[in-house]
Amino acid sequence: MNVTTSPGPASGVWGKLQTQAARLAALPVRELFERDPRRFARLSRTAEGLLMDFSRQRLDASALAELLQLAEAVGLRERIDAMWRGEHINPTEDRAVLHIALRQPPGAALGGAAVEKLVMDERAHMLDFAAGVRGGTIRGSAGAPFTLVVNIGIGGSDLGPAMGVQALRAYTAGAPRCEFVSNIDGVHLAEVLEAADPRTTLFIVCSKTFTTLETQTNARSARAWLSARLGAAAVPAHFAAVSVNTRAMDEFGVHPQYRFQMWDWVGGRYSVWSSIGVTLAIAVGRDNFLEFLAGGHAIDAHFRSAPWQQNLPVLMGLTAVWNNNFLNLPTLAVLPYDDSLRRFPAYLQQLTMESNGKSVLLDGRPAECQTATVVWGEPANNAQHSFFQLLHQGTPRAALDFLLPARSSCGNQPQQNLAIASCLAQAEALMAGQSAGTVRAELERQQLPPARVAALVPHKVDPGSRPSTIVLFRQLDPATLGKLVALYEHSVFTQSVVWGIDAFDQWGVELGKKLTEQLAPAVEDPAAGHAAPAAVLELLATVAQWRG
Ligand code: F6P
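What you see is a predicted model; the values in this text were computed from it and never measured.

Engineer: Give me the overall build of the protein chain: which residues, what numbers.
Structural biologist: The helix and strand tally for the protein chain stands at 24 helices and 11 strands. The globule rule puts the C-alpha radius of gyration for 548 residues at 24 Å, and the 25 Å found for the protein chain is close to it. Taking the principal axes of its C-alpha atoms as reference, the protein chain extends roughly 80 × 60 × 55 Å. In the protein chain, 75% of the contacts between residues at least 6 apart in sequence involve partners at least 24 apart. Total accessible area computed for the protein chain in this model is approximately 22800 Å², and 54% of it derives from carbon and sulfur atoms.

Engineer: An account of the domain arrangement of the protein chain is requested, with residue identities and associated values reported.
Structural biologist: Often, the extent of an interface is quoted as the loss of accessible area on bringing the components together. Here the protein chain is partitioned into domain 1 (12–91 + 308–432 + 466–499), domain 2 (104–284) and domain 3 (511–547). Using only C-alpha atoms to locate each centre, domain 2 and domain 3 end up separated by 33 Å.

Engineer: Describe the site of the ligand, listing the residues and the values that go with them.
Structural biologist: Around the ligand lies a shell of 14 residues, among which Ser157, Ser207, Thr209, Thr212 and Glu354 are the nearest. Contact distances for the ligand include 2.6 Å between an oxygen atom and a side-chain N or O atom of Ser207. Here an oxygen atom of the ligand and a backbone polar atom of Lys208 are 2.7 Å apart. Relative to its unbound accessible surface of 390 Å², the ligand loses 88% to contact with the protein. Secondary-structure elements contributing two or more residues to the shell around the ligand are helix H16 (344–356) and helix H23 (508–524). When the residues that make up the shell around the ligand are grouped by side-chain class, the tally is 2 nonpolar, 9 polar and 3 charged.

Engineer: So, the sheet that holds strand E3 (residues 148–152): which residues are in play, and what are the values?
Structural biologist: Strands in a sheet are paired, the pairing made by backbone hydrogen bonds, and the direction either parallel or antiparallel. Strand order in the open sheet formed by 5 strands is E4-E3-E5-E6-E7, and the pairing between neighbours is parallel. Two strands close off the open sheet at either side, each with one partner strand: strand E4 (177–181) and strand E7 (259–261). Pairwise comparison of adjacent strand axes, ignoring direction, gives a mean angle of 20° for this sheet. Of the pairings in the sheet, the one linking E3 to strand E5 (residues 201–206) comprises 5 bridges and is parallel in character. Paired with Val149 across the bridge in E5 is Leu202. Against the sheet, helix H7 (residues 113–135) contacts E3, E5, strand E6 (239–243) and E7, and its axis sits at roughly 145° relative to E7. Sheet strands in contact with helix H10 (residues 213–230) are E3, E4, E5 and E6, and its direction is about 160° off that of E5.

Engineer: Go over empty space enclosed by the protein with me, naming the residues and quoting the values.
Structural biologist: Applying the stated criterion across every chain yields a total of 5 cavities of 30 Å³ or more. Counted as a void, the largest cavity has a volume near 210 Å³. Lining the largest cavity are 24 residues, and of these Met316, Ala320, Leu332, Asp401 and Gln495 lie nearest its centre. Listed by contribution, the elements that provide at least two residues to the lining of the largest cavity are helix H15 (312–326), strand E8 (331–336), H16, strand E10 (399–405) and helix H22 (478–499). The dominant element in the lining of the largest cavity, judged by the number of residues it contributes, is H15, at 5 residues. Residues of the lining of the largest cavity, tallied by class, amount to 13 nonpolar, 10 polar and 1 charged. Lining the second largest cavity are Leu102, Val119, Glu122, Arg123, Met126, Trp263, Trp273, Ser274, Ser275, Phe289 and Leu293.

Engineer: Quick one: what's the story with unusual backbone geometry, residue by residue and with numbers?
Structural biologist: A positive phi angle, near 50°, is found at Glu48, a position not held by glycine. Here Glu48 shows up in the loop between strand E1 (44–47) and strand E2 (50–53). One non-glycine residue with positive phi stands out, namely Asp94, at about 50°. Judged by relative accessible area, which is 53%, Asp94 ranks as exposed.

Engineer: Describe the nonpolar core, listing the residues and the values that go with them.
Structural biologist: Looking at soluble globular proteins, one finds that nonpolar side chains tend to be buried together. By size, the foremost hydrophobic cluster in this structure holds 140 residues, and its most contacted members are Phe129, Ile204, Trp322 and Phe344. If one sorts the elements of this core by residue count, H22 sits on top with 11 residues. Membership of the second largest hydrophobic core comes to 18 residues, among which are Ala398, Leu400, Ala419 and Cys423.

Engineer: Break down the sheet that holds strand E9 (residues 374–377) for me, with residues and values.
Structural biologist: Taken together, the 6 strands give an open sheet; going across it, the order is E1-E2-E11-E10-E8-E9, and neighbouring strands pair in mixed fashion. The outermost strands of the open sheet, each flanked by one partner alone, are E1 and E9. Sheet twist, expressed as the mean angle between neighbouring strand axes with direction ignored, is 20°. The pairing of E1 with E2 spans 4 bridges and is antiparallel. Looking at E2, one finds that Ala47 is bridged to Leu50. Along the sheet, H16 makes contact with E8, E9 and E10, crossing E9 at roughly 175°.

Engineer: A description of the side chain of Glu116 should follow, citing residues and the corresponding values.
Structural biologist: Assignment of secondary structure puts Glu116 in helix H7. Despite its burial, Glu116 remains without a salt bridge, the nearest opposite charge being carried by Arg123 at 8.0 Å. Those residues in contact with Glu116 that sit more than four places away from it in its chain are Gln104, Pro105, Pro106, Gly107, Ala108, Ala109 and Leu110.

Criteria and cut-off values
- Residues numbered from 1 in each chain as written.
- Predicted model: local features only at pLDDT ≥ 70, side-chain atom pairs only at ≥ 80, totals over all residues.
- Heavy atoms only, no water.
- Helix = DSSP H or I, 4+ residues; strand = E, 2+ residues; numbered from the N terminus.
- Rg over C-alpha atoms; globule rule 2.2 N^0.38 Å.
- Contact = heavy atoms within 4.5 Å.
- Areas by Shrake-Rupley, 256 points an atom, 1.4 Å probe, with all protein chains shown as cover.
- Domains from an automatic or database assignment.
- Near = heavy atom within 4 Å.
- Polar contact = N/O pair within 3.5 Å; in protein donor to acceptor, adjacent residues only side chain to side chain.
- Nonpolar A, V, L, I, M, F, W, Y, C, P; charged D, E, K, R; others polar.
- Pairing = 2+ DSSP bridges.
- Axes fitted to C-alpha atoms, helices over the stretch in contact; angles between N-to-C directions.
- 1 Å grid on protein atoms, 1.4 Å probe; cavity = no way out; pocket = protein on both sides within 12 Å on 5 of 7 lines; lining within 4 Å.
- Points joined across faces, edges and corners; volume = space filled by probe spheres on them.
- Buried < 20%, exposed > 50% of the residue type's maximum accessible area, 1.4 Å probe, protein only.
- Core = buried A, V, L, I, M, F, W, Y, C linked by side-chain atoms within 4.5 Å.
- Lys, Arg positive; Asp, Glu negative; His and termini not counted.
- Salt bridge = Lys/Arg side-chain N within 4 Å of Asp/Glu carboxyl O.

This is the structure:
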């Protein structure tokens, strides 16, 4: 792939941004508010039903203008166009990157007419199946409708649909219960199967490659469980699958009508929009799944056409670069103020860190700056009572994204109002902080002895200037969820373009996979003298002793 622009520190504006950062690092953010009463208006943007408030970032108009110059300098427009043209912008796997084609409406011809036809045919097949399972017309081998759907997959074949079903729980009335099993240790599968009725249980094996150890292991265990109870002949009626690997799905015993296709131009962590989202479609129904796709498509159109100044994913991506590379804040805490989004931080971890956790440029040279933001997070009122202490006063510092719905997703607006108050209070406190003078005055008002006041002041000072973005939306509905996911996807892509890395491969996870396969026989039988490293064998000796 021919990338002619200079990424990262080699781009002309990098030095200017460092100067801007040095200037702003010396200014408390509250002072930026005092200097500019129109700061909120200047640094917030609304598009596609999302309001993004960047005013608590350590930014001003001049630094933002330079960041937009950075987008120009690295050729972001051309890279976006290349994605849309279906060019192989994932050069190490020699693949196009067309998850944007999965959420297109009919007639958009995104990815070309052939891709559009594949997507539309597959979408119709998957949605018909989902409607059949949801409506009870597709049934198990004994003729009973399914009451439990177990999605077996891991990484992108788990996190997207699992996060989506949790986020859109309010839309799942009338659907079978949906569970997601991913880990290899068998604990979760056992838990799910404990109370399951095999006659009414459908397994959906989601695996792009259909070779992933965790998924294959869980799928085989599930098949054995079902066969033991209903007989091997019942398997096809109880197993659906999604993969690029049709033959492997056949060999596993999946019903031919229940096999769904994906393509190598869809990365695992970008695949919830494909048939990998089948469990989500079963849970929320056809129309809501289409709304989810439409939300993603709305952000695609916005990303493609909005000027940088107004472009939400671009502004979000550039802000992440600013915090990471210029303000030395390499971690991002994602804090949803709607408990339904409790799996969203985990979803973003794969999206962000598997995409941008790279240290070489597209041309193979070492990256010249820090890449990939470390993402973490938790529904925020819980987080306020666990790790917010560190955010306020700890020495490690983080950037923050607050995700804030105006309306309750469960019909309890009075409690949602308290969540909103919590969010705004925290954003304000983390921005403005509390000076020694304010703390001292308050303690003196309490008439504490002077020595006690002096001792307490340093402990109660809150330095503030912790940069945050508030993403405000009306309500967590299917379209909004689609918008939020696409927003972060394109932000991650924007960051990768600035850094000059391939956001769509994941070679780093391969080594661990290979070693697991090599070590598995030695773990099974350490005494057999397998050619494992000595330190591993020594540890295994104790494992063997302790497991009995
Ligand atoms: O973790 C590596 C990875 O390849 C992810 O990119 C992917 O989402 C996951 O494994 C699962 O892969 P598959 O869908 O092929 O089972």
